[in-house]
Amino acid sequence: MKRMMDSIVFGFFCMSILGTALNSTWLQILAGLFLAMVAIGAHNFAHLKHNWRTYYLDLTWGSSYEFRISHIFSHHCFPNTILDVELSMFEPILEFLPKGNKNWIQRHGPIVYNHVLYVILFGVGFLTRWKRIKEGKQLLRPEFLLVWFHLALCLVIGSDMTSGLTSWVTTQLTCSYFYHLCAINSAHHAPSIFHDGDEARKDPDFGLCQLDAVRERSDSLIQNSLFVQLVVLGEHSLHHLFPTICNSKLKYIRAVFEETLEEFGENFPAMSSWDHFKGCLEQLRRSSPKSIEERKAEEAKFSSKSK
């Protein structure tokens, strides 16, 4: 897993250097795709005992420090609830919870403006972070400087300052797009998945509530490739139950996990990536809560895809 991660970072730097030196927009976009895979892969290391690969995320306009707070302390403890910052941070532009006061734009606009948001989200966080640092409201952490190293590299290699800056911005915007395209559509949002406001379990169990708020992907490419799992947030159900276990080790507990679900009569059918993508838009349109029976009826169509 570590070698895979380091290889992706190496690929990013190669593509970025070539894209900047040749002033090739396509290579810069490819570098951005590599950087998005770096950022997604860093998610695995952010959950482990403190290690330097966590800081790979800081090569982007994102922040490993802020990510660890919002993702680990909020999202993993309270997925798909009002205490999940990874829901509330997008409001009111993206309203994932089934609220009756959603307007027409909030329900139907995301099919268009989601893709604009994916491009700019990292940039908004980047500008906000440095504004707060300038105002003395946020401490300057050493890892915040890594993204400036990438800019310096582009400026040195580029034929002039404009081409170097253009390469940096193109790569970072592309990274933001692919990162959020994956992160938002990969596991948590569809009408069959629990969102705050829906009927909850009568006698809630922490582990089962975690599984209520996530669905695995059934695509064979994701199921059978550790590399793909690393770069697209694979094995997400097991990850939410055992977040501090490296993704490379989750396969060893898959069998007992499935046996335990079967023993207690629990079933969480996997969905294809396309179903997740469509389901995310359907969830954004949803304005009324669902009962447990209604959610089970929704997910019945995915039963055949369950592992």
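Residues numbered from 1 in each chain as written. Predicted model: local features only at pLDDT ≥ 70, side-chain atom pairs only at ≥ 80, totals over all residues. Heavy atoms only, no water.

## Structural notes on the overall build of the protein chain
Summing up its helical and strand segments, the protein chain has 15 helices and 0 strands in all. By the compact-globule yardstick of 19 Å for 307 residues, the protein chain fits well, its C-alpha radius of gyration being 20 Å. For the protein chain, with 307 residues in total, the buried portion stands at 51%. Approximately 14,800 Å² of the protein chain is accessible, and the part contributed by carbon and sulfur atoms is 66%. Of the side chains in the protein chain, 30 bear a positive and 30 a negative charge, and the two mean positions are spaced by 5 Å. (Helix = DSSP H or I, 4+ residues; strand = E, 2+ residues; numbered from the N terminus. Rg over C-alpha atoms; globule rule 2.2 N^0.38 Å. Buried < 20%, exposed > 50% of the residue type's maximum accessible area, 1.4 Å probe, protein only. Areas by Shrake-Rupley, 256 points an atom, 1.4 Å probe, with all protein chains shown as cover. Lys, Arg positive; Asp, Glu negative; His and termini not counted. Charge placed at Lys NZ, Arg CZ, Asp CG, Glu CD.)

## What about the packing of aromatic side chains?
Evaluation of the coordinates by the stated rule reveals 14 aromatic pairs. Considering the side-chain rings of Phe-126 and Trp-148, the 5.4 Å spacing of their centres and the 50° angle between planes classify their relative orientation as tilted. Here Trp-148 lies in helix α7 (residues 146–157) and Phe-126 lies in helix α6 (residues 110–134), a separation of 22 residues in the sequence. Take Phe-126: its relative accessible area is 7%, and that puts it in the buried class. Note on Trp-148: relative accessible area 32%, which makes it partly exposed. Through a chain of ring-to-ring contacts, three or more aromatic side chains come together here, namely Trp-61, Phe-126, Trp-130, Trp-148 and Trp-168. When the ring centre of Phe-144 is taken as origin, the NZ or CZ atom of Arg-129, which lies over that ring, is 5.8 Å away. (Phe/Tyr/Trp six-rings, centres within 6.5 Å; stacked < 30°, edge-to-face > 60°. Lys NZ or Arg CZ within 6 Å of the ring centre and 35° of its normal.)

## Here we look at the pattern of salt bridges
Evaluation of the coordinates by the stated rule reveals 17 salt bridges. Across the pair Arg-215 and Glu-299 runs a salt bridge, and its minimum N-O distance is 2.8 Å. Of the two residues, Arg-215 sits in the loop between α9 (206–212) and α10 (220–224) while Glu-299 sits in helix α15 (residues 292–299), which places them 84 residues apart along the sequence. Take Arg-215: its relative accessible area is 4%, and that puts it in the buried class. (Salt bridge = Lys/Arg side-chain N within 4 Å of Asp/Glu carboxyl O.)

## Some remarks on the environment of Asp-219
Among the structural elements, Asp-219 can be located in the loop between α9 and α10. For the pair Asp-219 and Ser-272, spaced 53 residues apart in the sequence, the C-alpha separation amounts to 5.5 Å. Not counting chain neighbours up to four residues away, the residues in contact with Asp-219 comprise Met-271, Ser-272 and Ser-273. A polar contact of 2.9 Å, which involves the side chain of Asp-219, links it to the backbone nitrogen of Ser-273. (Contact = heavy atoms within 4.5 Å. Polar contact = N/O pair within 3.5 Å; in protein donor to acceptor, adjacent residues only side chain to side chain.)

## Here's the deal with α7
Its 12 residues give α7 an end-to-end C-alpha distance of 17 Å, which sits within 8% of 16 Å, the value for a rise of 1.5 Å per residue. Taken as a whole, α7 has its buried residues at Val-147, His-150, Leu-151, Leu-153 and Cys-154. One face of α7 carries all of its buried residues, which in axial projection span an arc of 155°. As for α7, its buried residues are in contact with α1 (2–21), α6 and α8 (161–185). (Expected span 1.5 Å × (residues − 1). Arc of directions from axis to C-beta.)

## So, the packing of α8 against helix α14 (residues 273–285)
The N-to-C vectors of α8 and α14 enclose an angle of 80°; their axes lie 9 Å apart at closest approach. The orientation of α8 relative to α14 falls into the category roughly perpendicular. Residues Leu-181, Ile-184 and Asn-185 of α8 pack against His-276, Phe-277 and Cys-280 of α14. Split into classes, the residues belonging to the contact of α8 with α14 amount to 4 nonpolar, 2 polar and no charged. (Axes fitted to C-alpha atoms, helices over the stretch in contact; angles between N-to-C directions. Parallel < 35°, antiparallel > 145°, perpendicular 65-115°, else oblique. Nonpolar A, V, L, I, M, F, W, Y, C, P; charged D, E, K, R; others polar.)

## Regarding the nonpolar core
Core analysis: the biggest nonpolar cluster contains 36 residues, and Met-5, Phe-12, Val-38, Tyr-56, Leu-59, Trp-168 and Tyr-179 have the highest contact counts within it. Residue assignment for this core shows that the elements contributing at least two residues are α1, α2 (25–46), α6, α7, α8 and α11 (226–232). For this core, the element with the most residues is α2, which contributes 10 residues. Not counting residues up to four positions away in its chain, the partners in contact with Val-38 are Met-5, Ile-8, Val-9, Phe-12 and Tyr-56. If you look at the next biggest cluster of nonpolar residues, it comprises 11 residues, including Leu-94, Leu-117, Ile-184 and Cys-280. (Core = buried A, V, L, I, M, F, W, Y, C linked by side-chain atoms within 4.5 Å.)

## Some remarks on the confidence of the model for the protein chain
For the protein chain, the average pLDDT comes to 95, and 98% of its residues sit at 70 or higher. Per-element mean pLDDT across the protein chain ranges from 89 in α15 up to 98 in α2. (pLDDT = per-residue confidence, 0-100.)

## Notes on unusual backbone geometry
The omega angle of the peptide bond from Glu-91 to Pro-92 is 5°, so this bond is cis rather than trans. With respect to the secondary-structure elements, Pro-92 resides in the loop between α4 (85–88) and α5 (104–108). Of note, Asn-23 is a non-glycine position whose phi angle comes to about 55°, a positive value. Within the element layout of this structure, Asn-23 appears in the loop between α1 and α2. Of note in the backbone geometry, Asn-80 takes a positive phi value of approximately 60° without being a glycine. Along the chain, the position of Asn-80 falls in the loop between α3 (64–75) and α4.

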